[in-house]
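Structure assessment
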Amino acid sequence: MAIQVLNCASMFPWWPRWQVGGVCLLVDTDQGPVLVDTGLGLHDHESPSRLVRFFRLDMGIQFAPEETAVRQVVGRGINTKDIQHIIITHLHFDHAGGLPDFPWAQIHLHQKEYEAHLNPKTWIERFAYDHKDFQHKPNWVKYEKITDKWFDFDAIRLPFTPRIYLIPLFGHTSGMCGVAIKDGTGWLFQAADAIPLNAEFDIAPEWVSRLILGLHPKRIKAFAAAHPEVRLLAGHTWRSEFNEDRIGKFNRSRNFDR
Ligand SMILES: [Zn+2]
């Protein structure tokens, strides 16, 4: 079973002057290739909503339709219709923008995230849900009941082989979840926007991290130190990582022929 890490949302903010990519996963499963998050979608590049235009200025989002999950899937020789399942960490525009590019897919997410996009409660939720991402009435598959423990985290088993769990990490949004995936070489934990950029826990002052990401960074930092064998990813990471460093090596070390 293979997991590929894709950059589906490059951002070059004015300050700090970072070059950042948005992490999506393409996972081989018994039910075909499954996406974990979609990044920005074609509509974000070609006819962006007011919200996305605002972030384009502020966060330096590039016009780069070739970065969308749908284009990268096609570029890997996969038929887009083979993507029947998408797992979503949370529904912010930079994670769920590609949903309309796969209107037939089942969208697996936490019940509370589904509710939050309908009725956002916190400022950060209200700010970053783009209703253009959901106009096609996605085929939601909602989960709430904890079924397992993954290490000491509460976990919800999703109906795929290899083993994939939703790990509730509420805070950044009310239904935000990480995703833990077992492949041939061990566990990958995509903690998404519950942890700072590139899992660099000291990148921002603690109060900033707490305000934007919620209460989890401290716990996940301790978990990562205790379990170096688990590959930890964040929702956003340095753009260079996708080609060169950890992620590039990770991608090159696997055989993706399907
Ligand atoms: Zn977010």
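Now for a description of the structure that goes with this document.

Analysis parameters
Residues numbered from 1 in each chain as written. Predicted model: local features only at pLDDT ≥ 70, side-chain atom pairs only at ≥ 80, totals over all residues. Heavy atoms only, no water. Donors = N, O, S within 2.8 Å, 3.2 Å for Na, K, Ca; no water. Tetrahedral: all angles 85-135°; square planar, octahedral: opposite > 155°, others 65-115°. Helix = DSSP H or I, 4+ residues; strand = E, 2+ residues; numbered from the N terminus. Buried < 20%, exposed > 50% of the residue type's maximum accessible area, 1.4 Å probe, protein only. Disulfide = S-S within 2.5 Å. Pairing = 2+ DSSP bridges. Axes fitted to C-alpha atoms, helices over the stretch in contact; angles between N-to-C directions.

A few words now on the coordination of the zinc ion. Within the protein, the atoms that donate to the zinc ion are His 90 (NE2), His 92 (ND1), His 172 (NE2) and Asp 193 (OD), at distances of 2.1 to 2.6 Å. Of note is the zinc ion, whose four donor atoms meet at the metal with angles of 85 to 177° in an arrangement that counts as irregular. Taken in sequence order, the residues that donate to the zinc ion follow the motif H-x1-H-x79-H-x20-D. Residue His 172 is found in the loop between strand S9 (164-168) and strand S10 (177-183), and its partner Asp 193 is found in the loop between strand S11 (186-190) and helix H7 (206-213); the two are separated by 21 residues along the sequence. Its relative accessible area of 6% is what places Asp 193 among the buried residues.

Turning our attention to the state of the cysteines. The full count for this structure, using the stated rule, is zero disulfides. The thiol of Cys 24 is not disulfide-bonded; the next cysteine sulfur, from Cys 8, is found 3.6 Å away. Its relative accessible area of 1% is what places Cys 24 among the buried residues.

A few words on the pairing of strand S3 (residues 32-36). Burial analysis of S3 places five of its five residues in the buried class, the great majority of the element. One ladder, built from five bridges, connects strand S2 (residues 20-29) with S3; its direction is antiparallel. Within S3, the residue paired with Val 27 across the bridge is Val 34. In this structure, the hairpin formed by S2 and S3 is closed by a connection of two residues. In this sheet, strand S4 (residues 85-87) lies alongside S3 in parallel orientation, the contact comprising three bridges. From the neighbouring strand, Val 36 faces S4, where its bridge partner is Ile 87.

The subject of this paragraph is the sheet that holds strand S12 (residues 231-233). Strand order in this open sheet of six strands is S7-S8-S9-S10-S11-S12, and the pairing throughout is mixed. Every other strand in the sheet has two partners, leaving strand S7 (148-150) and S12 as the edge strands with one partner each. With strand direction ignored, the average angle separating the axes of adjacent strands in the sheet is 35°. As defined by bridge partners, S9 adjoins S10 across five bridges and the pair is classed as antiparallel. Bridging from a neighbouring strand, Ile 167 pairs with Gly 178 of S10.

Everything listed here is a matter of geometry and, on its own, says nothing about what the molecule does.
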